[in-house]
Amino acid sequence: MRIIEASEVTRIVAELFKKANYYPEPEVKEALLCAAEREGGERCRAALCRLAENIDLAAEVGVPVCQDTGMAVVFADVGCEVHVSGDTLENAVNAGVRKGYTEGYMRLSVVSDPLYDRKNTNDNTPAILHIRTVPGDKLTITCAPKGFGSENMSAVKMLNPSATEDDVISFVTETVKKAGSNPCPPIFVGVGIGGDFEYSAILAKRALTRPIGDSHPDARYAALEKKLLCAVNAIGIGAAGFGGDVTALAVKCEYYPTHIAGLPLAVNINCHAVRHASATL
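Residues numbered from 1 in each chain as written. Predicted model: local features only at pLDDT ≥ 70, side-chain atom pairs only at ≥ 80, totals over all residues. Heavy atoms only, no water.

Chemist: Teacher, can you tell me more about the nonpolar core here?
Modeler: Taken as a class, soluble globular proteins show a tendency for nonpolar side chains to be buried jointly. With 28 residues, the main nonpolar core has Val9, Phe17 and Leu139 as its most contacted residues. Of all the secondary-structure elements, those providing two or more residues to this core are helix 1 (6-22), strand 2 (71-79), strand 3 (82-85), helix 4 (89-103), strand 5 (139-146) and strand 10 (277-280). Here the element with the most residues in this core is helix 1; it accounts for 8 residues. Grouped together as the second largest cluster of nonpolar side chains are 24 residues, Ala179, Ile193, Ile237 and Ala248 included. (Core = buried A, V, L, I, M, F, W, Y, C linked by side-chain atoms within 4.5 Å. Buried < 20%, exposed > 50% of the residue type's maximum accessible area, 1.4 Å probe, protein only. Helix = DSSP H or I, 4+ residues; strand = E, 2+ residues; numbered from the N terminus.)

Okay, here's the thing in structure tokens:
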């Protein structure tokens, strides 16, 4: 059994959220510039270039790349031979969110009660924590701050088991079309297929943490990702909603076995500032 101190988890979570909000992965800027090269519309091309410049300016000035520094979403892959000592993993993660957001002067956007008492918690806790047990003696933490301009545009639908690939493509494109310019396009689209109602949404969100340039290891789903990206870009919303060739920079799919009586489908939309950072202890 390998012991990991809760204080180390807290330290890592704090650093990862600061990193994700201040310094998006280089692939994000590269994707924006590549999109600008293939964009035919002048206004959309200019918008894509400005978004890429914004990433550099944020790093230069020392401010988050977006004012909405997100709700704290954490994926923790916990090795079965790992024991977190000194506190629970959940408490350690929330302490890291509290530390990272306050020390990093990032916007605190979480309210304590969603309906009746919408008072700010003043430290961006609690986090949304997804724990998965994996083999080994390592703990991998992925922190993904999620802004709600795009989160609000997401959707879940329980399809019939007879649904086809075309039905999946139709619902994804319908969701993006309804979103319009609200999620700050160009967007990244996470698609979760299978599981049940709530797990399809987790799959969709986890899909957004994959590297921008990769493809699904299953050839069928890799092909579906390409079809979905073409279908979404054919809508013509374009960067900043100006109407253009590039509405999405990538579409990522994840799937899971499901019940014989259904086909859950979730679409999680993310703005152009797809932010996540990972570390392994």
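Chemist: In this structure, what is going on with the sheet that holds strand 10? I would like to understand it.
Modeler: With respect to topology, 4 strands assemble into an open sheet ordered 4-2-5-10, the strand pairing being mixed. With partners counted over all chains shown, the strands left at the sheet margins are strand 4 (128-134) and strand 10, one partner each. When strand polarity is set aside, the average angle formed by the axes of neighbouring strands in this sheet is 15°. Pairing analysis gives 4 bridges linking strand 5 to strand 10, with the strands arranged antiparallel. The residue bridging Cys143 from the neighbouring strand is Ala277, located in strand 10. Along the sheet, helix 4 makes contact with strand 2, strand 4 and strand 5, crossing strand 2 at roughly 140°. Packing against the sheet, helix 7 (residues 197-207) makes contact with strand 2, strand 4 and strand 5, and its axis sits at approximately 95° to strand 2. (Pairing = 2+ DSSP bridges. Axes fitted to C-alpha atoms, helices over the stretch in contact; angles between N-to-C directions. Contact = heavy atoms within 4.5 Å.)

Chemist: Explanation requested: the packing of helix 2 (residues 26-38) against helix 3 (residues 42-61) in the structure shown.
Modeler: Each pair of packed helices can be described by the angle between their axes along with the distance between the axes. The N-to-C vectors of helix 2 and helix 3 enclose an angle of 160°; their axes lie 8 Å apart at closest approach. What the angle tells us is that helix 2 and helix 3 run roughly antiparallel. Note that helix 2 runs across helix 3; the crossing there is left-handed. Of the residues in helix 3, those in contact with Val28, Lys29, Leu32, Leu33, Ala35 and Ala36 of helix 2 are Arg45, Leu48, Cys49, Leu51, Ala52, Ile55 and Asp56. Grouping the amino acids of the contact of helix 2 with helix 3 by side-chain chemistry returns 10 nonpolar, no polar and 3 charged. (Parallel < 35°, antiparallel > 145°, perpendicular 65-115°, else oblique. Left-handed = near helix turned anticlockwise from the far one by under 90°. Nonpolar A, V, L, I, M, F, W, Y, C, P; charged D, E, K, R; others polar.)

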